[in-house]
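A look at the structure
Residue-level listing of the chains:
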Amino acid sequence: MKITVTVNGEQYTREVEPRLLLIHFLRDELGLTGTHWGCDTSNCGACVAWLDGVPVKSCTVLAVMAADKEVRTVEGLERGGELDAVQKGFAECHGLQCGFCTPGMLMTSRWLLDHHPDPSETEIREAISGQICRCTGYENIVRAVRWAAEHPSDEEVTA
């Protein structure tokens, strides 16, 4: 099938098999390897991307379901060479160790802050509850999201 998808603001047209998963489209067809492929069963959340502004586990979405839609990946977080506040927060608060879950955590955290700019620790933990981190114990991830809430970038403040 021929599909056209807008990813991080850029339009791509490709011929794909109808059963191709969005995660494989992003990584294999477009070379956007920031989105990690973890469990392939929707349990880990490493593959979270946004489909029309909603976080989805891209290992459960067919690429053809993204046709004529907007996809945002972790590569689309930085703007104009400036890291997103969530990315900065993860760096400042040591919110990652091995980094495997980080792309999904970043995308979910950005979505949370876009919809709830001042979340409590409980709300942050609930938002990331669909994602597994085997290294950090989540404490620093929660601190990183709080840091980002307290230090929004200029673009986020004006949006």
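In what follows, the accompanying structure is described. All figures in this text were calculated on a predicted structure; none of them were measured in a lab.

1. Digging into the side chain of threonine 35
Among the secondary structure elements, threonine 35 is positioned in the loop between helix H1 (22-29) and strand S3 (48-51). Relative accessible area serves as the criterion here: at 1%, threonine 35 is assigned to the buried category.

2. Some remarks on the pattern of salt bridges
Enumeration according to the criterion identifies eight salt bridges in this entry. We note a salt bridge from arginine 146 to glutamate 150, for which the minimum N-O separation is 3.1 Å. Separated by four residues within a single helix, arginine 146 and glutamate 150 lie in helix H5 (residues 139-150), roughly one turn from each other. In the salt-bridge network here, residues are joined through shared partners; they are Asp84, Arg110 and Asp114.

3. Focus on unusual backbone geometry
We note that asparagine 8 has phi near 50 degrees; this positive angle belongs to a residue other than glycine. For asparagine 8, the position within the fold is in the loop between strand S1 (2-7) and strand S2 (10-15). Taking the relative accessible area as the measure of exposure, asparagine 8 reaches 28% and is therefore partly exposed. Positive phi is not limited to glycine here, since aspartate 68 has a value of about 65 degrees. Within the secondary structure, aspartate 68 sits in the loop between strand S4 (54-57) and strand S5 (70-72).

4. Details of the environment of glycine 104
Here glycine 104 lies in helix H3 (residues 102-115). The buried category is assigned to glycine 104, whose relative accessible area is 0%. As a C-alpha pair, glycine 104 and glycine 45 span 59 residues in sequence and 5.7 Å in three-dimensional space. With near-sequence residues (within four places) excluded, glycine 104 lies in contact with Gly45, Ala46, Val48 and Gln131.

Rules and cut-offs
- Residues numbered from 1 in each chain as written.
- Predicted model: local features only at pLDDT ≥ 70, side-chain atom pairs only at ≥ 80, totals over all residues.
- Heavy atoms only, no water.
- Helix = DSSP H or I, 4+ residues; strand = E, 2+ residues; numbered from the N terminus.
- Buried < 20%, exposed > 50% of the residue type's maximum accessible area, 1.4 Å probe, protein only.
- Salt bridge = Lys/Arg side-chain N within 4 Å of Asp/Glu carboxyl O.
- Contact = heavy atoms within 4.5 Å.

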